[in-house]
Amino acid sequence: MTEGNNDKKVTDRLLHGLNPQQAEAVRHDQGPLLILAGAGSGKTRVITHRVAWLVRVLDVRPSAILAITFTNKAASEMKSRIEDLIGSVSQYMWIGTFHAMMMRILRRYADRIGYDRSFAIIDSDDQQKVVKSCLADLNLDEKTFAVKAVHGQISAAKNALIDVGAYERQAGSDFFRSRVAQVYRCYQAKLKKNNSMDFDDILVEAVRLLESQPDVLAEYQERFQYVLVDEYQDTNHAQYRLVRLLSERHGNLCVVGDDDQSIYSFRGANIQNILDFEKDFKRCKVIKLEQNYRSTGNVLKAANAVIRHNQGRKKKSLWTQSDDGEKITFLRAEDQNEEGRYIAREIERQVSRLSRKTYRDFAVLYRLNALSRSVEQALREQGIPYRIYGGTRFYDRKEIKDILAYLRLVVMPDDNLSLERVINVPRRGIGSATTDMLAALAERDGVSQMAVCQNAARYPELQRAASRLTAFASLISQLGAGLDSGGKTLDQYLDWMENETGLIQELLDQQQRIVSGDALDRIENLKELLSDAVEFENQVQRLAAPDETLPPEERALVPANLRETVRAFLERAALYTEMDQDKDQDDVVRLLTIHSAKGLEFDTVFIVGAEEGLFPGYRSMGSQIEFEEERRLAYVAMTRARRKLHITATRSRLLFGQTQRYVVSPFVREIPDEHVDEIGGSREGERSMPWSETSQSLPGRPPIPAARSPLADAAAYMAPKPAQKAASVHFSVGDKVEHPKFGIGRILMAEPVAGDAILQVEFKGVGTKRMLAKMAGLTRLGG
DNA sequence: ACCACGGTTTTTTTT
DNA sequence: AAACCGTGGT
Ligand SMILES: Nc1ncnc2c1ncn2[C@@H]1O[C@H](COP(=O)(O)OP(=O)(O)OP(=O)(O)O)[C@@H](O)[C@H]1O
């Protein structure tokens, strides 16, 4: 098949908006291809167009294409761009993260390597718990063997594809490592017994599956004629192995990346993967892209000047056609409050001006999540809508994890980890003595803990606790019945469950006793999960629509009933972050770490906390390797800006409970003077300038906190907030109501919460109760 | 079994 | 500063 056979219009369209090097990369046909290029040079665009080209011009079957992205968000963007280019046949392609793609394979074949195909993915929280219980089993002291450190070792080993046996051999008689090896062994055994994998296992077990099952390997090797990997500089060894395996048959592997943007070594990413690609894949073609389309001159030249200080990188000469644009503004602020106020004021100024900027044009980037606090506060005071990404994922909040654990328990009753999580949440009088016994009995009889609960009466050891355990087991089966009884949507089911389990009631009680100030937030989060479920079901329905021409193999993965929808929902909760579901059109300022900003771009970027010790972090300052990774991080941060870059540093900062004095980050000092305007002091040394000189260019003393605007309040929400169904709750204080259980009562208080309302109702002869209006089953009595 | 208290520890970055 | 852990009283 040659290009000549095809309509010139099609080829023109697919090459439109590409420079000659990009076009060359797109048109490349057989054999390995490395696209090595600096920031903003259109690498991602090349992958997208190349995929379209393969299908439209080279007549490659869409299902023969595997495209790996770094985040789920990047995957959905790529999907929709490709769909724009070639239409809905793009549905047949595999586009996603390594983890998401390997899950597809594992869901089909995990039984070949000793898992049930419905295995669960455990999150880092559960990972820690398992490590802890292994440490306890092995009588290892958590002081000497810090849970995080041990888990870090295990995770690193997995990323490097070192299995338990190999780790044991390597550890030899080394005191620490040999014990870690024991924990590693125990940890894997426990996961397997619980039919679970952790995040790393998704890759490791996929490798093991492919390497041990020749027919499975052959199937996918045959299938994937073309494999493309974006952000290749941040792949780890397991991912490298997967790429090799999957592309081996056809040899059409295209990887795209920038060694200067390798910033995930803490997660096992190996920059050598991209540096050695030419050696690794013989007859490899290398294309460099050198024109930057993203940033204005000053931004780009400054970033180039900084990254040039790194040793052992592949030299690139990035240039741009666009003019120099505005200089970078560097602010030396007195402290974090002034830094925050500067940002808030600057954003407000740009938005209210005629510069036609909107909030979504701005992003604030930082090295540590902890730095978001002060910025957040300043934005809130100015009434600027914003959203924070990172930190604790929405799905990782305690209350969300609790309800998800119930959900998992309903579809997989044998999941001991989930059972342990919720058996006493809310309080059911099942304490550690009972749970320990429960675990021991399950272990002894080789059954799941749920099975023991179901037959608790038959275990004399359980004594009086037996009835509580049976009650718990019947709660779960009752929840299961609700799942299969039909007629419910996912969000309705979740809503029902949140009440049935007593989780909501517990939070209501907590709120009443003012024990926990965030009980209300938690209720809101639980309600937010319902919105999330609505959105998820909509997506599922779109996929399941009869006009979607999915291949049978893929269609089998689309949930056909509520039970399957629940499984899919759980899987998404394990794999997705709020960033992945981000609606770009939401008009809010974005606050995120530099790591999570990789691959994104914004009109105006603020980099905060540019102080030595923070950025670069003091830990990295002893090692050249780590110091250079910090510099790459600076490079990534700077190159996110399209038009304007602000960098701020404080003289002293309150962080982690102490105020410390800081000097300006060396990376800032590496920017040539001609690209920078300084405010508030020099980037050099500590010649502390008299503050009064510049103070008029900055906001005055802290303003009296502005009334919190509703806009800001809504935006302070971490997760996207789709329109909630209009609450069908019109109760107001003083209404007379009837409750199915408590009888007649009067409403003392009504407080709106996330599309619902918390009611405080006084019932005759029963007392005061708190309940959520929608689920309470109240009827208003005509007065 | 649960809760309150006090002392200790934490802090990179995340698919 | 805030989150976490273990302890001892109820
Ligand atoms: N040939 C082109 N003409 C005009 N604009 C382009 C061209 N190629 C890419 N761009 C634009 O340049 C910007 C950066 O592109 P892209 O995100 O693909 O770069 P990248 O190399 O993946 O960047 P990074 O490595 O920094 O994530 C995008 O806004 C894209 O639309």
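An account of the accompanying structure is given in this report. (Residues numbered from 1 in each chain as written. Chains lettered and ligands numbered in written order. Predicted model: local features only at pLDDT ≥ 70, side-chain atom pairs only at ≥ 80, totals over all residues. Heavy atoms only, no water.)

### Description of the packing of helix α8 (residues 164-171) against helix α9 (residues 175-193)
At step 1: Two elements in contact, α8 and α9, have axes separated by 8 Å at closest approach and are oriented at 170°. On the basis of their axis angle, the class for α8 and α9 is roughly antiparallel. The segment α8 lies against α9, with V164, Y167, E168, Q170 and A171 engaging R177, S178, V180, A181, Y184, R185 and Q188.
At step 2: Split by residue class, the contact of α8 with α9 holds six nonpolar, three polar and three charged. (Axes fitted to C-alpha atoms, helices over the stretch in contact; angles between N-to-C directions. Helix = DSSP H or I, 4+ residues; strand = E, 2+ residues; numbered from the N terminus. Parallel < 35°, antiparallel > 145°, perpendicular 65-115°, else oblique. Contact = heavy atoms within 4.5 Å. Nonpolar A, V, L, I, M, F, W, Y, C, P; charged D, E, K, R; others polar.)

### Quick look at the pairing of strand β15 (residues 652-655)
At step 1: In terms of strand pairing, β15 meets strand β16 (residues 658-661) through four bridges, oriented antiparallel. Counted as the bridge partner of S652 is R661 from β16.
At step 2: Between the antiparallel neighbours β15 and β16 lie two residues, among them F656 with a positive phi of about 55°. (Pairing = 2+ DSSP bridges.)

### Thoughts on helix α4 (residues 72-86)
At step 1: Between its first and last C-alpha, α4 extends 21 Å over 15 residues, near the 21 Å set by a 1.5 Å rise per residue.
At step 2: Restricting attention to buried positions, one finds in α4 the residues N72, K73, A75, M78, I82, L85 and I86.
At step 3: Where α4 is buried, its residues meet α1 (8-15), α3 (43-56), β2 (65-68), β3 (94-96), α5 (98-109) and α27 (562-575).
At step 4: Just downstream of α4 lies G87, where phi reads positive at about 85°. (Expected span 1.5 Å × (residues − 1). Buried < 20%, exposed > 50% of the residue type's maximum accessible area, 1.4 Å probe, protein only.)

### Section: the state of the cysteines
At step 1: Per the stated rule, a full pass over the model turns up one disulfide.
At step 2: Note that C134 is cross-linked by a disulfide to C186, the S-S spacing being 2.3 Å. Negative torsions about the S-S bond denote left-handed disulfides, and the value of about -90° found for C134 with C186 makes this one left-handed. With C134 in helix α6 (residues 124-137) and C186 in helix α9, this residue pair connects regions lying 52 residues apart in the sequence. (Disulfide = S-S within 2.5 Å.)

### Brief notes about the environment of K736
At step 1: Secondary-structure assignment places K736 in strand β18 (residues 736-739).
At step 2: Assessed through its relative accessible area of 44%, K736 is described here as partly exposed.
At step 3: The spacing of K736 and L34 is 702 residues in sequence and 72 Å in space, taken between C-alpha atoms.
At step 4: Setting aside residues up to four positions removed in sequence, K736 forms contacts with I744, G745, K764, T779, R780 and L781.

### Looking at the nonpolar core
General note: in soluble globular proteins, nonpolar side chains tend to be found buried as a group.
At step 1: Ranked by size, the top nonpolar core spans 59 residues in total, and within it L404 and F472 carry the most contacts.
At step 2: For this core, the leading source of residues is helix α18 (residues 398-411), giving nine residues.
At step 3: Setting aside residues no more than four positions away along its own chain, L404 makes contact with Y395, L529, F569, L570 and A573.
At step 4: In terms of nonpolar packing, the next biggest core, distinct from the first, is built from 47 residues, V227, A238, L253 and F281 among them. (Core = buried A, V, L, I, M, F, W, Y, C linked by side-chain atoms within 4.5 Å.)

### With respect to the protein's contact with DNA strand B
At step 1: The local shell around DNA strand B holds 24 residues, among which R367, G431, T593, R619 and F656 are the closest.
At step 2: A breakdown of the atoms of DNA strand B within 4 Å of the protein gives sugar and phosphate a share of 62%.
At step 3: Between DNA strand B and F70, the relevant distance is 3.3 Å, taken from a sugar or linking oxygen to a main-chain nitrogen or oxygen of the residue.
At step 4: H595 is positioned with one of its side-chain polar atoms (N or O) 3.5 Å from a base oxygen of DNA strand B.
At step 5: Here the surface near DNA strand B takes three residues from helix α20 (residues 432-445), the largest share from any one element.
At step 6: A class-by-class count of the residues in the surface near DNA strand B yields seven nonpolar, twelve polar and five charged. (Near = heavy atom within 4 Å. Polar contact = N/O pair within 3.5 Å; in protein donor to acceptor, adjacent residues only side chain to side chain.)

### Examining the site of the ligand
At step 1: The immediate surroundings of the ligand are formed by 18 residues, with G17, Q22, K43, T44 and E601 found nearest.
At step 2: Contact distances for the ligand include 2.8 Å between an oxygen atom and a side-chain N or O atom of R294.
At step 3: Ranked by residues supplied to the shell around the ligand, first place goes to α3 with three residues.
At step 4: Residues lining the shell around the ligand come from more than one domain, with at least three contributed by each of domain 1 (2-111 + 203-289) and domain 3 (319-393 + 583-679). (Domains from an automatic or database assignment.)

### Overview of the sheet that holds strand β8 (residues 285-289)
At step 1: Read across the sheet, six strands follow the order β3-β2-β6-β7-β1-β8 without closing on themselves; strand pairing throughout is parallel. Every other strand in the sheet has two partners, leaving β3 and β8 as the edge strands with one partner each. Recorded for the sheet is a direction-independent mean angle of 10° between the axes of neighbouring strands.
At step 2: Bridge count for strand β6 (residues 226-229) against strand β7 (residues 253-257) is three bridges, and the pairing is parallel. Within β7, the residue paired with L228 across the bridge is C254.
At step 3: In this fold α5 packs onto β2, β3 and β6, with an angle of close to 135° to the strand it touches most, β3.
At step 4: Contacts between helix α12 (residues 237-247) and the sheet are confined to β2, β6 and β7, with β6 contributing the most and set at about 160° to the helix.

Everything listed here is a matter of coordinates, which is why it stays silent on function.
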